[in-house]
Amino acid sequence: MRRIQYYQYGGPETMKLEDVTPEKPGKGEVAVKVTFAAINPIDWKVRNGYLKMVTGKVFPRAMGSDFSGIVVAVGPGVTRFKTGDAVFGLARIKESGALGEAVITNEGFLAKKPDTVSFNDAACLGTPAVTAWNGLVDKAGLKRGQSVFINGCAGAVGEAAVQIARMLGATVSGSCSAEAMPRVRDLGVQKVFDYRKTDLSALRDRFDVVYDTAAAMPTAVGLHLAGSRGVFLDIDPTPMKFLRSLFNRRLKPIVCTPRAEILDAIADAAGQGKLRLPIAETVPLGGAITLITALEKGRKIGGKALVAVG
């Protein structure tokens, strides 16, 4: 099989598309033939060594987090899936590997793909929707009737957060570019602000939940918008922010943490047409390195970037 991998932490030049020998799934693991893989910023952050305390020093390392495909083998103890199942989900952060013709991941990092959801749409959901769920449900305990402000509401995590918050019965406001405002209004964002022209620290509104899905909002501004009773969800979890959160429980750093029940809930929402992310560009596996490099260098495409693998 082919996959994108690298032999040292570093920039785009370290990536290579190479042949490797596929492994067999171990206990609690599932092997999936990848149909589509989605590109996420976490992919190049891991490759750059941003999480090397977690990912370690064993090379070569594979690239890619989110995917859809068909189960080709299951390891001992796997009960949720069988060979031939159509699935979507996430690779493990330590091993990665979604940007390859096959990937092995934990049983709990997958969900069955609904028949009404295409493989390309399903591949987009993993990291953005799980991260949105981790913040809104796991950390904030969002309830019907509460108010949410989403900074970066037109990004992948932001759009997932808008749809999940609306699904849970919250009212949603947010910020994004002027160009994206019509799209997020269609998703149900009631008040939307142009991040280039608006001083968010000057807003008079206060929100039960403020979610910075753009990793661009100063902590002081997020806590200010959350008021005395709200919470600020921060998608950029630095060690200093974790330390600060021990003393201020209104600050909640968010780390993408997949669980079976979250993936199943996401699958159910997608199957009902309540959760979908826009796809902007699709390339074959042979063109993935070029596209990753462009996105890493700042190219904007207005939606998810996909790699057609199988």
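Residues numbered from 1 in each chain as written. Predicted model: local features only at pLDDT ≥ 70, side-chain atom pairs only at ≥ 80, totals over all residues. Heavy atoms only, no water.

1. Description of the overall build of the protein chain
In terms of regular secondary structure, the protein chain is built from ten helices and 16 strands. For 310 residues, the compact-globule formula gives about 19 Å, and the C-alpha radius of gyration of the protein chain, at 19 Å, lands near that figure. Viewed in the frame of its principal axes, the protein chain has a C-alpha envelope of about 60 × 40 × 40 Å. Burial analysis of the protein chain (310 residues in total) assigns 53% to the buried set. For the protein chain, restricting intrachain contacts to residue pairs at least 6 apart in sequence, the fraction spanning at least 24 positions comes to 67%. Of the roughly 14,000 Å² of accessible surface on the protein chain, 54% is carried by carbon and sulfur atoms. (Helix = DSSP H or I, 4+ residues; strand = E, 2+ residues; numbered from the N terminus. Rg over C-alpha atoms; globule rule 2.2 N^0.38 Å. Buried < 20%, exposed > 50% of the residue type's maximum accessible area, 1.4 Å probe, protein only. Contact = heavy atoms within 4.5 Å. Areas by Shrake-Rupley, 256 points an atom, 1.4 Å probe, with all protein chains shown as cover.)

2. Focus on the environment of Phe67
Tracing the sequence through the fold places Phe67 in strand 5 (residues 66-74). In sequence terms Phe67 and Gly126 are 59 residues apart; their C-alpha atoms lie 7.5 Å from each other.

3. Quick look at the pairing of strand 10 (residues 171-176)
Counting buried positions along strand 10 yields five of six residues, so the element is predominantly enclosed. Traced from strand 9 (residues 147-151) through helix 5 (residues 156-167) to strand 10, the parallel crossover comes out right-handed. When strand 10 meets strand 11 (residues 189-194), the two strands line up parallel, connected through five bridges. Of the residues in strand 11, the one forming a bridge with Ser175 is Phe193. Each parallel crossover has a hand, and the one from strand 10 via helix 6 (residues 181-187) to strand 11 is right-handed. (Right-handed = clockwise from strand over helix to strand, strands pointing away. Pairing = 2+ DSSP bridges.)

4. A short note on unusual backbone geometry
With omega at 5°, the peptide bond leading from Phe59 into Pro60 counts as cis. Its location among the elements puts Pro60 in the loop between helix 2 (52-55) and strand 4 (61-62). A positive phi angle, near 55°, is found at Ser96, a position not held by glycine. Note that Ser96 resides in the loop between strand 6 (86-90) and strand 7 (102-106). Of the residues examined, Ser96 reaches a relative accessible area of 8% and is grouped as buried. For Ala215, which is not glycine, the phi torsion reads 55° and is therefore positive. Inspection of the secondary structure puts Ala215 in the loop between strand 12 (209-212) and helix 7 (219-226).

5. Focus on the sheet that holds strand 11
Strand order in this open sheet of six strands is 11-10-9-12-13-14, and the pairing throughout is parallel. Edge positions in the open sheet fall to strand 11 and strand 14 (251-253), since each of these has one partner strand only. Sheet twist, expressed as the mean angle between neighbouring strand axes with direction ignored, is 15°. Sheet strands in contact with helix 4 (residues 126-139) are strand 9, strand 12, strand 13 (231-234) and strand 14, and its direction is about 155° off that of strand 12. Here helix 7 sits on the sheet and contacts strand 9, strand 12, strand 13 and strand 14; the angle it forms with strand 13, its principal contact strand, is near 145°. (Axes fitted to C-alpha atoms, helices over the stretch in contact; angles between N-to-C directions.)

None of this, on its own, says anything about what the molecule does.
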